[in-house]
Amino acid sequence: MTRVLTAIDFLEAAAPATVPAVCVAFGDEPFFRRLVIARLQELVLGGDEFARSVLDADAEPRDVFDELSTGSLFGGGPRLVIVEDADDFVSKHRTALEDYLRRPKHHGVLVLDVRSWPSNTKLYKAVAADGLATDCSAPQQAALTKWLVGRARAAHGAKLERPAAETLVDIVGPEVGLLDQELAKLAAMAGPQAPITAESVQRHVGSWRTQTTWEMLDAALAGDAATALAQLDRLLLSGEEPIALLGQIGSTLRRFAAAARMIEQAEADRRRPNLRAALEAAGFKPFIVAKAEGQLKQLGRQRAGRLYRWLLEADLALKGHSSQRWRARVELERLVARLSKAGDPRRHVDAPVPSP
């Protein structure tokens, strides 16, 4: 068995014949780390909760090794010792762990729960060779979407359609714990028979702020600057961070920009451009392509071709000279104006942000 796996590969793999003496769950996604550790416990202990010990980063190696050598209260099976939030423990006791990996002295399994696991260390290479390391970083969207479909079936007894999984990731983002919470709610509402559709995800997932963000973008792309600016004002007054708003709408605008470039490339190659195909290739879901077609037409060729530059300018401004909240507001208002009919290039929307 490969000794360095992604969390998804480990969770979906068949049970190994044996579990190595040292296992590491690492990465920035705590929900995946918990799932990996739970599966390791099941593989090592079955239902014997009394053969598990949980220590924190202040533990000394002798404490860990004593626990590994202690027999179970009920039976002679192996022990499972988990060191939680073990980054500091690993940093302080790297040499002792390397020595232990060379000659495990106990009939037990040590699990290290860490965020950081640098691949250029001796310990990383030793675990890769003789232990098991599981990368619990947030996966790419395609892998995460596929995992959600399986997770819905296995953990919640629900059928999650692929477009619904993609929509769920679009709305919530790659936060696996939050995705699973939303999935549990959707499964409870749908029941065991009805599938979870993209429409039901859009209807039930996300706060009013998320909904208002999409309403703001839809209004701007429909050419209604007044409504879009009013929604932007509501979001900012509620405490929404400007940089977070830009991130939410930027993903959609980049898809429009990509579709515009595909159309331009088709024309340059003397091929007849297909607007719908370009939008789908850029990542728009089939059930919203019709709306996206009208929005891209409203933007027009000239402004769609400027989207990448506008987004870059806004991003640099919000992280630099316009990081103050009032200046960030003006930058977002400028972007909204550019997207709407008020953003026609003949209008004066490129003026610099004034000083207070």
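It should be noted that the structure appears before, not after, this text.
This structure is a prediction, so every number in the text was calculated from the model and none was measured.

> What should I look at first to understand the pattern of salt bridges in this one?
Pairs may arise between side chains of opposite charge once their charged atoms sit close together. Taken as a whole and assessed by the stated rule, the structure comprises 19 salt bridges. Between arginine 151 and aspartate 180 there is a salt bridge, with its nearest N and O atoms 2.8 Å apart. Of the two residues, arginine 151 sits in helix 7 (residues 141–156) while aspartate 180 sits in helix 9 (residues 176–190), which places them 29 residues apart along the sequence. The class of arginine 151 is buried, set by a relative accessible area of 19%. Given the relative accessible area of 9%, aspartate 180 is considered buried. Linked through salt bridges whose partners overlap, the residues forming this network are Asp233, Arg329 and Glu333.

> Could you clarify how one ought to interpret the packing of helix 13 (residues 242–268) against helix 17 (residues 325–339) in this entry?
Describing two packed helices takes the angle between their axes plus the distance from one axis to the other. In the contact formed by helix 13 and helix 17, the axes pass within 10 Å of each other and the chain directions differ by 20°. As judged from the angle between their axes, helix 13 and helix 17 are roughly parallel. For helix 13 against helix 17, the interelement crossing comes out left-handed. Residue-level contacts link Pro242, Leu245, Leu246, Ile249 and Leu253 of helix 13 to Arg325, Ala328, Leu332, Leu335 and Leu339 of helix 17. Classifying every residue of the contact of helix 13 with helix 17 by side-chain character gives 9 nonpolar, no polar and 1 charged.

> In this structure, what is going on with the pairing of strand 2 (residues 22–26)? I would like to understand it.
Each regular strand carries side chains that alternate between the two faces of the sheet. Counting buried positions over the 5 residues of strand 2 gives 5, a clear majority of the element. Residues Val22, Val24 and Phe26 line one face of strand 2 and the alternating positions Cys23 and Ala25 line the opposite face, and both faces are buried. When strand 2 meets strand 5 (residues 108–114), the two strands line up parallel, connected through 5 bridges. Counted as the bridge partner of valine 22 is leucine 110 from strand 5. Two elements, strand 2 and strand 6 (residues 132–135), share 4 bridges in a ladder whose sense is parallel.

> What should I look at first to understand the packing of helix 16 (residues 307–319) against helix 17 in this one?
Relative to each other, helix 16 and helix 17 sit at 170°, their axes nearing to 9 Å. The angle between the axes of helix 16 and helix 17 places the two elements in the roughly antiparallel class. Judged by residue contacts, Leu307, Trp310, Leu311, Glu313, Ala317 and Leu318 of helix 16 engage Ala328, Glu331, Leu332, Leu335, Arg338 and Leu339 from helix 17. Considered class by class, the residues forming the contact of helix 16 with helix 17 number 9 nonpolar, no polar and 3 charged.

> Just checking my understanding: could you explain the pairing of strand 4 (residues 79–83) for this structure?
Within strand 4, 5 of the 5 residues are buried, leaving the element largely enclosed by the surrounding structure. Burial of strand 4 is two-sided: the residues Arg79, Val81 and Val83 facing one way and the residues Leu80 and Ile82 facing the other way are all buried. Pairing between strand 4 and strand 5: 5 bridges, direction parallel. By the bridge assignment for strand 5, leucine 80 is matched with valine 109.

> Looking at this model, I keep getting lost on the nonpolar core. Mind explaining?
Soluble globular proteins: nonpolar side chains tend toward being buried together. Core analysis: the biggest nonpolar cluster contains 40 residues, and Phe32, Val111, Trp147, Leu148, Leu160, Ile196 and Val201 have the highest contact counts within it. Broken down by element, the residue count for this core peaks at 8 residues, all from helix 2 (residues 30–45). With sequence-adjacent residues up to four places away left out, valine 201 is seen in contact with Ala164, Thr167, Leu168, Ile171, Leu186 and Ile196. Residues Ala228, Ala260, Ala278 and Leu332 belong to the second largest nonpolar core, which totals 38 residues.

> Mind showing me how you'd approach a negative patch on the surface here?
Side chains of Asp56, Asp58, Glu84, Asp85 and Asp88 sit close together on the surface and give a patch of like negative charge. Relative to the helices and strands, glutamate 84 is located in the loop between strand 4 and helix 4 (87–92).

> Would you mind showing me how to read the environment of leucine 144 here?
The residue leucine 144 is located in helix 7 in this model. Judged by relative accessible area, which is 0%, leucine 144 ranks as buried. If we skip the residues at most four places from it in the chain, leucine 144 touches Pro139, Val169, Pro174, Val176 and Leu179.

About the criteria used
Residues numbered from 1 in each chain as written. Predicted model: local features only at pLDDT ≥ 70, side-chain atom pairs only at ≥ 80, totals over all residues. Heavy atoms only, no water. Salt bridge = Lys/Arg side-chain N within 4 Å of Asp/Glu carboxyl O. Helix = DSSP H or I, 4+ residues; strand = E, 2+ residues; numbered from the N terminus. Buried < 20%, exposed > 50% of the residue type's maximum accessible area, 1.4 Å probe, protein only. Axes fitted to C-alpha atoms, helices over the stretch in contact; angles between N-to-C directions. Parallel < 35°, antiparallel > 145°, perpendicular 65-115°, else oblique. Left-handed = near helix turned anticlockwise from the far one by under 90°. Contact = heavy atoms within 4.5 Å. Nonpolar A, V, L, I, M, F, W, Y, C, P; charged D, E, K, R; others polar. Pairing = 2+ DSSP bridges. Core = buried A, V, L, I, M, F, W, Y, C linked by side-chain atoms within 4.5 Å. Patch = residues over 30% accessible without salt bridge, like charges linked within 9 Å, V, L, I, M, F, W, Y side chains within 5 Å. Areas by Shrake-Rupley, 256 points an atom, 1.4 Å probe, with all protein chains shown as cover. Lys, Arg positive; Asp, Glu negative; His and termini not counted. Charge placed at Lys NZ, Arg CZ, Asp CG, Glu CD.

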